[in-house]
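The residues making up each chain are set out below.
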Amino acid sequence: MSNNKDARLFDAEIQPNDGPLASILHMFRVNHAALLGLILILLIILMAIFAPFIARYDPNQLNLIEMRKPPSPAHWFGTDDMGRDVFARVVYGSRTSLLIGFVPSLISLILGTVLGLLAGYVGGRVDDLIMRLADVVLAFPSLLLAMVVMYTLGSSILNMFIALSIINWAGTARVVRAQTLSIKETEFVEAARSMGVSRLSIVFKHILPNCLPNLIVLFTLDIPGAIMWESSMSFLGVGDPNAASWGLMVSQGKSYAYMCPWLILAPGIAILVTVMAFNFLGDGLRDAMDPYLKS
Amino acid sequence: MNNILEIRDLIVSFASDGRKERAVAVNGVSLSVPKGGIVGLVGESGCGKSVTSLSVMGLLADNGRVDSGEILLDGEDLLKLSDRQRRDIRGNRISMIFQEPMTSLNPVLTIGHQVTEAIRRHSDMDKAAARARAIEMLDKVGIPEPEKRMGNFPHQLSGGMRQRVMIGMGMAMAPELLIADEPTTALDVSIEAQILRLMRDLQRAGGTSILMITHNLGVVAELCDEVYVMYAGEVVEHADVYTLFRECAHPYTRGLMASLPRMTPKGKRLYNIPGTVPNLRAMPQGCRFAPRCEYATEHCHSEKPALKDIGGGHLCRCFRG
Ligand SMILES: Nc1ncnc2c1ncn2[C@@H]1O[C@H](COP(=O)(O)OP(=O)(O)OP(=O)(O)O)[C@@H](O)[C@H]1O
Ligand SMILES: [Mg+2]
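Criteria and cut-off values
- Residues numbered from 1 in each chain as written.
- Chains lettered and ligands numbered in written order.
- Predicted model: local features only at pLDDT ≥ 70, side-chain atom pairs only at ≥ 80, totals over all residues.
- Heavy atoms only, no water.
- Near = heavy atom within 4 Å.
- Polar contact = N/O pair within 3.5 Å; in protein donor to acceptor, adjacent residues only side chain to side chain.
- Areas by Shrake-Rupley, 256 points an atom, 1.4 Å probe, with all protein chains shown as cover.
- Helix = DSSP H or I, 4+ residues; strand = E, 2+ residues; numbered from the N terminus.
- Nonpolar A, V, L, I, M, F, W, Y, C, P; charged D, E, K, R; others polar.
- Contact = heavy atoms within 4.5 Å.
- Buried area = accessible area lost by both parts, 1.4 Å probe.
- Salt bridge = Lys/Arg side-chain N within 4 Å of Asp/Glu carboxyl O.
- Core = buried A, V, L, I, M, F, W, Y, C linked by side-chain atoms within 4.5 Å.
- Buried < 20%, exposed > 50% of the residue type's maximum accessible area, 1.4 Å probe, protein only.
- Pairing = 2+ DSSP bridges.
- Axes fitted to C-alpha atoms, helices over the stretch in contact; angles between N-to-C directions.

An account of the site of ligand 1 is needed here, citing residue identities and associated values.
Residue and element names in this part refer to chain B. Taken together, 15 residues sit near ligand 1, with Ser-45, Gly-46, Lys-49, Ser-50 and Val-51 positioned nearest. At 2.9 Å, a side-chain N or O of Lys-49 approaches an oxygen atom of ligand 1. One of the side-chain nitrogen or oxygen atoms of Ser-50 is found 2.6 Å away from an oxygen atom of ligand 1. Here ligand 1 loses 67% of its free accessible area of 640 Å² to cover by the protein chains. Counting residues per element, the shell around ligand 1 draws most heavily on helix α1 (residues 49-57), at three residues. The class makeup of the residues in the shell around ligand 1 is six nonpolar, six polar and three charged.

Outline the interface of chain B and chain A, listing residues and values.
Facing 40 residues of chain B, the contacting portion of chain A comprises 28 residues. Approximately 3,000 Å² of surface area, both sides summed, lies buried where chain B meets chain A, with 56% of it carried by carbon and sulfur atoms. Sorting the residues of chain B by area buried against chain A places Glu117(B), His155(B) and Gln156(B) first, and these three jointly supply 18% of that buried surface. Counting every contact that joins chain B to chain A gives zero salt bridges. Where chain B packs against chain A, one counts nine residue pairs in polar contact (both at pLDDT 80 or more). Taken together, the elements giving at least two residues each to the side of chain B that touches chain A come down to α1, β6 (94-97), α3 (111-121), α6 (159-171) and α7 (189-206) of chain B.

Describe the nonpolar core, and please don't skip the residues or the numbers.
As a rule of thumb, nonpolar side chains are buried together in soluble globular proteins. Counting 141 residues, the largest nonpolar core has Leu5(B), Ile94(B), Ile167(B), Ile179(B) and Met212(B) as the members making the most contacts within it. By residue number, the principal contributor to this core is helix α12 (residues 262-294) of chain A, which donates 12 residues. The contact partners of Ile167(B), leaving out residues within four places of it in the chain, are Ile97(B), Val141(B), Ile195(B), Leu198(B), Met199(B) and Leu202(B).

Quick rundown of the pairing of β6(B)? Include the residues and the values.
Residues and elements named next belong to chain B. Alternating positions in β6 separate into two faces, Ile-94 and Met-96 on one and Ser-95 and Ile-97 on the other, with burial throughout. In this structure, β6 lies alongside strand β7 (residues 177-181), joined through four bridges in parallel fashion. What sits directly across from Ile-97, in β7, is Ala-180.

Outline the sheet that holds β6(B), supporting the account with residue identities and numerical values.
All names here are of chain B. Read across the open sheet, the eight strands follow the order β6-β7-β8-β3-β9-β10-β12-β11; overall the sheet is mixed. Across the chains shown, the open sheet's two edge strands, defined by having one partner strand only, are β6 and β11 (308-309). Looking at chain direction, strand β3 (residues 38-42) and strand β9 (residues 226-231) are connected through four bridges and run parallel. Each bridged residue has a counterpart across the sheet, and for Val-39 the counterpart in β9 is Glu-226. Sheet strands touched by α1: β3, β6, β7, β8 (209-214) and β9. Its angle to β6, the strand with the most contacts, is close to 145°.

Please set out unusual backbone geometry residue by residue, giving values where relevant.
Notably, Ala174(B) is not glycine yet its phi reads approximately 50°, a positive angle. As for its position among the elements, Ala174(B) is in the loop between α6 and β7.

Tell me what's going on with the side chain of Arg292(B), and back it up with residues and numbers.
Residue and element names in this part refer to chain B. Along the chain, Arg-292 falls in the loop between α10 (251-258) and α11 (298-302). At 3.2 Å, the side chain of Arg-292 forms a polar contact with the side chain of Tyr-231. Contact partners of Arg-292, with chain neighbours within four places excluded, come to Glu-44, Tyr-231, Ile-273, Pro-274, Gly-275, Thr-276 and Val-277.

Report on the pattern of salt bridges, specifying residues and quantitative values.
Two side chains of opposite charge can pair, provided their charged atoms sit close to one another. Residue and element names in this part refer to chain B. The full count for this structure, using the stated rule, is 20 salt bridges over all chains. With a shortest N-O distance of 2.8 Å, Arg-93 and Glu-176 are connected by a salt bridge. Taken together, the positions of Arg-93 in the loop between α2 (83-89) and β6 and Glu-176 in the loop between α6 and β7 put the pair 83 residues apart, joining distant regions of the chain. Across the pair Lys-304 and Glu-234 runs a salt bridge, and its minimum N-O distance is 2.3 Å. Here Glu-234 lies in strand β10 (residues 234-240) and Lys-304 lies in the loop between α11 and β11, a separation of 70 residues in the sequence. For Lys-304, a relative accessible area of 34% translates into the label partly exposed. One salt-bridge network, held together by shared partners, links Glu-234, Arg-288, Lys-304 and Arg-317.

Put into structure tokens, the structure is as follows:
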């Protein structure tokens, strides 16, 4: 302890640490894989937004004269079995993949967070009900679960959202519940209660922000998961047959894999790069958030 | 009504899973805090000080409940109020300050956010007015550059500063009663003195009464007008501070006094009350302190002494009187 109590009291102990944001910025400076991930993700997002300006061809334009042409200056990634430009389809496919990555992850994140908070804070029967439901979802083979949903509801993007949300909420709910349980016993929650703060405010204003670092990491890692799911399901033939998606392209190109490897290489590499970019970013965020995940 | 707080025969028990009978943590405690007074509540760890104060706040853990008794705030029984009414009282008419300033502020919310929230909860001030009030309170509790501190996160402040923030937050609505549960235990001695001085200044300026919970008799001597000594869930002695320090009557209180560190001759060990606090579920039949008391007789082990007046409002729970 310092002898000069005034210095100790007033400024000496004020730490340079400025919270989660500062540690994320620091992480990007040190962790180049995460920075690369972030840049790639931004590029993919730009590609999705400006697809019409990047691709010279309509991704769905059939051209039966130019079928299965290898990569050339005219068709950078060649053409597929119906003469469609593979480059254009990869560029436009990023829209489907990002949509599939973000939307269901967001739905399951919100659903899982609300249910997790409810289970953890209210406890008792509500907790039992929600957690048993989560156990069932987690115990069920998820690919099977997704396929059952898609078969029952039909193959469309919307149903894919539903299937993926059903798979993913349970993991989030578990994490949020566990965190809620520990946060609600903390002294700052008791102090907030001693100030007369209502239950709703405690849950959403005091507990939820403490879960945010965790939620950001979960969300970033759910996205590549969802993109992989979409690819798997499209490959297995239960995806939306009308959406220009990378998974569907691989699936359609698999019969020509030997003769025309570009048909599966182009979308395959697109999936790989996107998924890796999100994983790099997610891992980096997890490291940066580590001190906040525990407290 | 001369007392802002009056607790009458409070009994609080806890359920524990797997057991039928409940553990009684507070057994018939009566105490009162006069308006504008500072009352100390002392006793060893586990004697029920926090449980008593949490009962007043209405913040007992889910497995705890008040079995009987009354808790009167300015004559009104808090136990008869609805949850909502009690919530409206918390942070408004009664505030509480906790032991750990390091953990009693939410780490992810700014100081300003938390103080402002507390103010807006109990007033219809708009954001700007509440903010101004928050800055005023931070200034009042001696935080330098309060406007700048509003945007700080708790980890950017030292423990003493955080405790000041907690006090400022608790005092923002000018409560009638402030309950401080060991507010300085986690701080070092020089900061402790500053915080105690701050509390006394605020109490003098605002007329807030304080219930000061501590196991440190030094703090009591420094700050309080009167004292209740608790042992194993019961009040064993009550007197004003001068009487207590001059002629404490209960052997337990004497033990506490003797274990106060002071200028002892070199080589002499600090006194320690022998034995430990009895288990809640295995209380002695007679006097609860008897197993540890050097004066205990047969009588003490078989019959329980009542809390009786030994002159001038000095209460003591001991046969020796
Ligand atoms: N939620 C609970 N469930 C079961 N027993 C409890 C609970 N809270 C407190 N107790 C018991 O009540 C008794 C009194 O506890 P209390 O926290 O009031 O002690 P204290 O006097 O404040 O001690 P300290 O000086 O350590 O803060 C203890 O024996 C404790 O084990
Ligand atoms: Mg305590």
